[in-house]
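# Report on the structure
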Amino acid sequence: MTDGRKREVRITRGRLALYHALLLGVVFVFWHLMTNPLLVSEEFARNTAFFFGKPLLVLEKTWDWFAGGKIYEHLLVTLIETLLAFGIGTALGLGAGLWLALSPLASALADPYIKAMNAMPRVILAPIFAVWFGLGILSKVALGITLVFFIVFFNVYQGVREVSPVVLNNARMLGAGAGQLLRTVYVPSAMSWVFSSLHTSVGMAFVGAVVGEYLGSARGVGYLILQAEGAFDINTVFAGILVLTAFALALDALVSFAENRLLVWRPGQSETDLL
Amino acid sequence: MQAGSGAALALENITVTFSARGAGTQTYTAVSDTTLTIAAGEFVSVVGPTGCGKSTLLNIAAGLLEPSAGNVRVLGESLSTINRHAGYMFQADALLPWLSAQDNVELGLKYRGVAPEVRRLRAEEWLARVGLAGHGHRYPHQLSGGMKKRVALAQMLILDPKILLMDEPFSALDIQTRQLMENELLDLWSADRKSVVFITHDLEEAIALSDRVVVLSAGPATRPLGEFAIDLPRPRDVNEIRLTPRFVELHRQIWHAMKDEVLKGYARSQRV
Ligand SMILES: Nc1ncnc2c1ncn2[C@@H]1O[C@H](COP(=O)(O)OP(=O)(O)O)[C@@H](O)[C@H]1O
Ligand SMILES: [Mg+2]
């Protein structure tokens, strides 16, 4: 095709994965070359290594963590904080969302406060939670909850408001009482919105845990980073970032998996239906 | 057959006035002083131009909407809440999208506290009866329009209601599927005669199915224009019955009575 039309871009999955790996490799090689006095001056290499660390040392540090077993305890703490913040934040958001969406008076009353609390940069609450709950796991969970709560809350609120009136009337004609309507219509409808925001809310729970650890803690991956930073050990900081990124990706994959299992009823969620 | 106490469903002098859309003191009277009686076991179709207030009237009969004036009697008793004796088939898709066809059909029994094994068997039975055996695991979005209507039919009939309220149930289907469903509906109905209020804007469908056709005027302030007894023999096949001379004559007669109203409604909709 030599005319002005755009060429269709078509890459197979395997190819794409290969390109992804190549790109990552190029970045690492570039990083390596810029921090070693092979192509660049010794002075320049020293400076870049000070600010960006050396990739081989970062990988070595990461390897040490896993091989030496030191990281697991910290990962577990971060994971527990994330899961607790996610679970509790979701439950609270669901409850509050259902309640406010189904009770116009409560909703009208709470509206300005909800808006204000949502507008507030809530990460700033971390020091307060540290005072209230100490430097242990609780203050991180509390921070994560404040982040997760609003995402879930707004989605549930929306979900309940958008329940199809026809479906609702149908359930009522089939004999549903108030409690049954809640369980079989409002909650499933709200849950579908919650699940559609699952990636964001799990991510937020994770942010809450790590930021909380970073601001003051005795354990967790955020704590490792904090400690390394205090010692100007830039390689360990980058190793921590690497581990956190990999961990976040794993969590995200888990969420995708859960989503596919739980939202089969949604058009487009399940794979093409084969008879 | 007027306002007898033996009627299954009686709408007595129903008026429905909706309050203003948006601001102001404007009101819209959708239905005005309408009386309609359905005898036990009778199949009544209500026809009228789109927007005349057919769905509104059915919502009144279902107890989903309270009339501004007038009274609804169900099996002789005044209706004050949801109509427990009625099953409702909605114009739009009303299946719960997060439940499989099987669970949708079971739903009413579940609300009534029927044991899981019992309701599973009965739902399977009903799915088979509407021609969907083996499709119970599918979710509504995986079903065609006709299949969804069958599930909705089974969902309603499994509760064995005495009165069926059907709001243009087949109007979204293609003509073949629709005639198939009409015949199936007649089969199911004749097995166990329930009282049916069947809303449609299609006069042919109304005549082919019913014992009686009620024609509504165009809105606002809709009221019945006339009633026509359909003396076609049963059992009927909706395809064949349309070709009989008596059908054609009834159609001509009712259409003649309706025509002015349809044109009036059309003219009004053009003006808006
Ligand atoms: N909740 C409502 N508020 C205001 N107007 C309504 C409401 N529901 C229906 N209407 C109006 O009442 C009229 C009758 O509606 P409907 O019963 O749905 O008509 P049909 O089913 O015959 O097409 C329409 O003009 C519609 O706009
Ligand atoms: Mg309608």
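Everything numeric in this text was worked out from a predicted model, so none of it was measured.

Residue and element names in this part refer to chain A. By domain assignment, chain A separates into domain 1 (9-52) and domain 2 (57-267). Put simply, the middle of domain 1 and the middle of domain 2, counted by C-alpha atoms, are 33 Å apart. Opposite the 6 residues of domain 1 that make contact, domain 2 presents 5 residues. At the surface where domain 1 touches domain 2, the tally comes to 0 salt bridges. For the interface between domain 1 and domain 2, the tally reads 0 residue pairs in polar contact (both at pLDDT 80 or more). Of the residues that constitute the side of domain 1 that touches domain 2, the class distribution is 6 nonpolar, no polar and no charged.

All names here are of chain B. For the magnesium ion (ligand 2), the full set of protein donor atoms is Ser55 (OG) and Gln91 (OE1), and the range of their distances to it is 2.0 to 2.5 Å. Separated by 36 residues along the polypeptide, Ser55 in helix H1 (residues 54-62) and Gln91 in the loop between strand E6 (86-89) and helix H2 (101-111) bring together distant segments of the chain. Judged by its relative accessible area of 36%, Gln91 falls in the partly exposed class.

Let us look at the interface of chain B and chain A. With 26 residues of chain B in contact, the opposing surface of chain A contributes 22 residues. Of the roughly 2,300 Å² buried between chain B and chain A, counting both surfaces, carbon and sulfur atoms make up 65%. Looking at the side of chain B facing chain A, the largest losses of area belong to Trp98, Tyr111 and His141 of chain B, adding up to 34% of the total buried there. Viewed at the interface, chain A and chain B are joined by 0 salt bridges. Taken together, the connections running from chain B to chain A amount to 7 residue pairs in polar contact (both at pLDDT 80 or more). Every element with two or more residues in the side of chain B that touches chain A is listed here: E6 and H2 of chain B. Looking at the side of chain B that touches chain A residue by residue, the classes come out as 16 nonpolar, 5 polar and 5 charged.

Glancing now at the side chain of Lys148 of chain B. Residues and elements named next belong to chain B. Tracing the chain through its elements places Lys148 in helix H4 (residues 145-157). Lys148 gets classed as buried once you look at its relative accessible area, which sits at 19%. Apart from residues no more than four positions distant in its own chain, Lys148 is found in contact with Asp93, Leu95, Pro140 and Leu143.

Before going further, it helps to examine the packing of helix H3 (residues 55-68) of chain A against helix H4 (residues 70-102) of chain A. All names here are of chain A. Put simply, H3 and H4 touch, their axes get as near as 4 Å, and they point 90 degrees apart. Compared by their axis directions, H3 and H4 come out roughly perpendicular. Seen from H3, the contacting residues are Trp65, Phe66 and Gly68; seen from H4, they are Lys70, Ile71, Tyr72 and Leu75.

A full pass over the atoms with the stated rule returns 18 aromatic pairs over all chains. With a centroid separation of 5.2 Å and 80 degrees between ring planes, the pair formed by Phe50 of chain A and Phe51 of chain A is classed as edge-to-face. Residue class for Phe50 of chain A comes out partly exposed when judged on its relative accessible area of 48%. Classification of Phe51 of chain A as exposed rests on a relative accessible area of 53%. An angle of 80 degrees between the planes, with centres 5.8 Å apart, marks the rings of Phe66 of chain A and Tyr72 of chain A as edge-to-face. Looking at Tyr72 of chain A, the relative accessible area reads 45%, which means it is partly exposed. One aromatic cluster in this structure is built from Phe149, Phe150, Phe153, Phe154 and Tyr157 of chain A. The ring of Trp126 of chain B has Arg129 of chain B lying over it, and the distance from NZ or CZ to the ring centre is 4.3 Å.

This next bit is on unusual backbone geometry. All names here are of chain B. Cis peptide bonds are those with omega within 30 degrees of zero, and the linkage from Arg234 to Pro235 qualifies with -5 degrees. The topology assignment puts Pro235 in the loop between strand E10 (224-229) and helix H7 (238-241). Positive phi is not limited to glycine here, since Glu168 has a value of about 40 degrees. The class of Glu168 is buried, set by a relative accessible area of 6%.

Here is what the cut-offs are and how they apply
Along each chain, residues carry numbers from 1 onward, in the same order as the chain's sequence is written. Starting at A for chains and at 1 for ligands, labels are handed out in the order in which the entities are written. Side-chain atom pairs in this predicted model are given and counted only at pLDDT of 80 or more, local residue features only at pLDDT of at least 70, and totals for whole chains, interfaces and linings cover all residues. Hydrogens and water are ignored here; the side-chain numbers use all heavy atoms of the structure. Where each domain begins and ends follows an automated or database-derived domain assignment. Residue contacts are defined here by distance: any two heavy atoms, one from each residue, within 4.5 Å place the two residues in contact. Salt bridge, as applied in this entry: a Lys or Arg side-chain nitrogen positioned within 4 Å of an Asp or Glu carboxyl oxygen. Polar contact is defined as a pair of N or O atoms within 3.5 Å, subject to the rule that within protein one atom must be able to donate a hydrogen and the other to accept it, and that residues adjacent in sequence are counted only when both atoms are side-chain atoms. Under the convention adopted here, Pro, Cys and the residues Ala, Val, Leu, Ile, Met, Phe, Trp and Tyr are nonpolar, Asp, Glu, Lys and Arg are charged, and Gly plus all remaining residues are polar. Metal sites are built from N, O and S donor atoms within 2.8 Å, or 3.2 Å for Na, K and Ca, and they leave out water, so they may look incomplete. To qualify as a helix, a DSSP run of H or I must reach at least 4 residues; to qualify as a strand, a run of E must reach at least 2; elements of each kind are numbered from the N terminus. Residue burial is assigned from relative accessible area. The probe radius is 1.4 Å, only protein chains are included, and a residue is buried under 20% of its type maximum, exposed over 50%, and partly exposed in between. As used here, buried area is the combined drop in accessible area, with a 1.4 Å probe, of two parts when they are placed together. Axes, fitted as lines to C-alpha atoms, cover a helix only where it is in contact. Angles between the N-to-C directions of the axes lie from 0 to 180 degrees. An angle counts as roughly parallel when it lies under 35 degrees, as roughly antiparallel when it exceeds 145, as roughly perpendicular when it falls between 65 and 115, and as oblique in every other case. Stacked, tilted and edge-to-face pairs are distinguished by plane angle, under 30 degrees for stacked and over 60 for edge-to-face with tilted covering the rest, among Phe, Tyr and Trp rings (Trp via its six-membered ring) whose centres lie within 6.5 Å. Each ring is checked for a lysine NZ or an arginine CZ that lies within 6 Å of its centre and within 35 degrees of its normal; such an atom marks a charge sitting over the ring.

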